[in-house]
Amino acid sequence: MPVKPTAIDLFAGPGGLSLGLIESGFDVIAAIEFDEAAGETYRHNIGEHTIQRDITGFDPADFRSYLEEHGLLDKGESPALIAGGPPCPGFSLIGRSKISDLIKKGEYGDSVDHRHRFIDDPRNELFKEFVKYVDEFQPSYFVMENVSGMTSYQIDDDPIVDVIQNSFAGYIVDWQILRACDFGVPQNRRRIIFLGHREGLMKPNFPEATHRGTERDAADAILDLSLAEPTADGVVRLPTDPQSSGVRGYEFRSEMRQWEVRGRKSVTGRKTCHWTRGTNERDDVLFQFILSGASGDTRGNVKIPDSSPRQIYGDIFPSKWNSELRPAFKKAGMRAWKRGRCHVESSDGKRWLMYEQDGFKDKMRRIRWDRPAPTIVAHLSKDGYMFIHPWKDRTITVREAARFQSFPDSFEFRGSMTSQFRQVGNAVPPLLAKAVGDHIMSLLQEIEEYK
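All values reported here derive from a predicted model rather than from experimental measurement.

A look at the overall build of the protein
Thought 1: Across its full length, the protein holds 14 helices and 16 strands.
Thought 2: Counting the 451 residues in the protein, one finds 54% classified as buried.
Thought 3: Long-range pairs, those at least 24 residues apart, make up 67% of the contacts in the protein between residues at least 6 apart in sequence.
Thought 4: Carbon and sulfur atoms make up 47% of the accessible area of the protein, which amounts to about 20000 Å² in all.

So, the environment of Y171
Thought 1: Summarising the element assignment, Y171 is placed in strand 8 (residues 171-179).
Thought 2: Since its relative accessible area comes to 7%, Y171 is described here as buried.
Thought 3: Sequence separation of Y171 and R198 is 27 residues, and the distance between their C-alpha atoms is 4.5 Å.
Thought 4: Once residues lying within four places of it in the same chain are set aside, the contact partners of Y171 are V134, Q138, P139, S140, F142, G196, H197, R198 and E199.

Things to note about the pattern of salt bridges
Two side chains with opposite charge may pair up if their charged atoms get near one another.
Thought 1: As enumerated under the stated definition, the model contains 22 salt bridges in all.
Thought 2: With a closest N to O distance of 3.9 Å, R414 and E40 form a salt bridge. Of this pair, R414 sits in the loop between helix 12 (398-404) and helix 13 (417-426) while E40 sits in helix 2 (residues 36-45), and the two are 374 residues apart along the sequence.
Thought 3: Since its relative accessible area comes to 28%, R414 is described here as partly exposed.
Thought 4: Overall, E40 belongs to the partly exposed group, its relative accessible area being 36%.

Here we look at the nonpolar core
Thought 1: Residues L81, F404 and I440 are the most contacted members of the largest nonpolar core, which totals 64 residues.
Thought 2: Per element, the largest residue contribution to this core is 9 residues, and it comes from helix 14 (residues 430-444).
Thought 3: Setting aside its immediate chain neighbours within four residues, I440 contacts F26, L81, Y141, V143 and L195.

What about the packing of helix 1 (residues 16-24) against helix 14?
Thought 1: At their nearest, the axes of helix 1 and helix 14 sit 7 Å apart, and the two run at 45° to each other. With respect to helix 14, the axis of helix 1 lies oblique. In this structure, helix 1 meets helix 14 at a crossing whose hand is right-handed. Taken together, the residues of helix 14 that come into contact with helix 1 (itself represented by G16, L17, L19, G20, L21, E23 and S24) are P430, A433, K434, G437, D438 and M441.

Details of the confidence of the model for the protein
Where the model shows low pLDDT, its predicted coordinates should not be examined in detail.
Thought 1: With 82% of its residues at a pLDDT of 70 or more, the protein shows a mean pLDDT of 84.
Thought 2: Note that residues 110-119 has pLDDT below 50 and, in this model, 28 contacts with residues that lie over four places away or in other chains.

With respect to unusual backbone geometry
Thought 1: Although it is not a glycine, F11 sits at a positive phi angle of roughly 55°.
Thought 2: For F11, the location among the structural elements is in the loop between strand 1 (6-10) and helix 1.
Thought 3: Phi at Q138 is positive, roughly 50°, even though this residue is not glycine.
Thought 4: Examined against the element boundaries, Q138 turns out to sit in the loop between helix 5 (127-137) and strand 5 (141-147).
Thought 5: A relative accessible area of 27% places Q138 in the partly exposed class.

Quick word on a negative patch on the surface
Thought 1: Together, D156, D157, D158 and D162 line one region of the surface with negative charge.
Thought 2: Of note, D158 is situated in strand 7 (residues 158-159).

Some points on the sheet that holds strand 4 (residues 81-84)
Thought 1: The strand order 3-2-1-4-5-9-8 describes an open sheet built from 7 strands, whose pairing is mixed. Across the chains shown, the open sheet's two edge strands, defined by having one partner strand only, are strand 3 (50-52) and strand 8. Within the sheet, the average angular offset between the axes of one strand and its neighbour, ignoring direction, is 15°.
Thought 2: Here strand 2 (residues 27-33) pairs with strand 3 via 3 bridges, running parallel.

Remarks on empty space enclosed by the protein
Any space left empty among the atoms is revealed by the rolling of a water-sized probe across them.
Thought 1: A full pass over the atoms with the stated rule returns 2 cavities of 30 Å³ or more.
Thought 2: What the largest cavity holds in volume is close to 40 Å³.
Thought 3: Across the lining of the largest cavity, the residue classes tally to 3 nonpolar, 3 polar and 4 charged.
Thought 4: Counted as a void, the second largest cavity has a volume near 30 Å³.
Thought 5: Forming the walls of the second largest cavity are L17, E145, I193, V428, L432, A433 and V436.
Thought 6: The element that contributes the greatest number of residues to the lining of the second largest cavity is helix 14, accounting for 3 residues.

About the criteria used
Residues numbered from 1 in each chain as written. Predicted model: local features only at pLDDT ≥ 70, side-chain atom pairs only at ≥ 80, totals over all residues. Heavy atoms only, no water. Helix = DSSP H or I, 4+ residues; strand = E, 2+ residues; numbered from the N terminus. Buried < 20%, exposed > 50% of the residue type's maximum accessible area, 1.4 Å probe, protein only. Contact = heavy atoms within 4.5 Å. Areas by Shrake-Rupley, 256 points an atom, 1.4 Å probe, with all protein chains shown as cover. Salt bridge = Lys/Arg side-chain N within 4 Å of Asp/Glu carboxyl O. Core = buried A, V, L, I, M, F, W, Y, C linked by side-chain atoms within 4.5 Å. Axes fitted to C-alpha atoms, helices over the stretch in contact; angles between N-to-C directions. Parallel < 35°, antiparallel > 145°, perpendicular 65-115°, else oblique. Left-handed = near helix turned anticlockwise from the far one by under 90°. pLDDT = per-residue confidence, 0-100. Patch = residues over 30% accessible without salt bridge, like charges linked within 9 Å, V, L, I, M, F, W, Y side chains within 5 Å. Lys, Arg positive; Asp, Glu negative; His and termini not counted. Charge placed at Lys NZ, Arg CZ, Asp CG, Glu CD. Pairing = 2+ DSSP bridges. 1 Å grid on protein atoms, 1.4 Å probe; cavity = no way out; pocket = protein on both sides within 12 Å on 5 of 7 lines; lining within 4 Å. Points joined across faces, edges and corners; volume = space filled by probe spheres on them. Nonpolar A, V, L, I, M, F, W, Y, C, P; charged D, E, K, R; others polar.

Quick look at the structure:
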């Protein structure tokens, strides 16, 4: 029987990258993750082989000794693959927006525009820890994933991508930005993938898109989940999926229901993590006026309403204030008035000031059902207003976010709701990981050891 190529997952999170590699045929023998809840999720879904440590204080040589002592690697053996996604928050769009806002306010250092320089956050240098582990273990190949925004950053005068490429001694490194929706993930997530191969081995090409032009949209991902309202504990029972085979979207949802994780599968019925935050009275009214720009549709027995043109709060105030918003607030038992800026008072005397739009323009954004979902981000752990459901007046649930990331329904997240949202947002989409893993596996199978 052929020996399965071994892999190590660094910065493993809840296990999205590991799950995809396992589906590609890899034997993921070990993982390292710092966050306690993410580690618990990994152990529940992938295996007990994750170590909860701060990688900056965990010497690679000590990790090798641990693996050899536990019989996971022979003395001096190299794994076939090391993979991981070092966190680099300063490169993300939210990180950039926050920093740019601080610069405008004169609250960021010396107020010099740092947008195209390496942000001074120690987490942005965690890729160096990844380099140390590759140097110690000398795998045949490595995969490093990160946000696409890093391509516009520099260390001094050198592009950060060039610095990373030149950091791996004895390896030839290429990079490319991949769109997750090109590989069956119903999300417009762009990620930079670094592929490295040891000198003398076959060069890996980047996987060819399998779904370009046939991208899965948000309705494809969560149509069946919309049939059950979120619950306080996230546990729901779904009615039968309203689609049938051959209808667009059913294939993906069926795959998510039937994909087994550690012997579990969730074909129909019980689902977990279908919970989200409640909204206050003001937002219950306001959500009705936030439109996505998508035309209506009917799939099975689910009618998706018209929502055109797309609008956010900044668009509808003050032009529609008198004709639509004021009567809507009145009907909901709330008083609202405009004195320079809009204030709202609920029936029990609570008062709110309406949102400003000067910071994030998509502060209040409804997802379009007819396109891949926007990038699911860890900011969901703070609020979900950038991810209002395509046709329901609420924010998306953890399970819906997980579907957008291509996590199967049998993959159960652990920890609080806040932690679960963060885990989902930080994860590598399993279907994207599988696409990359499949290609590297095809190269490894040319090596005698794995035939």
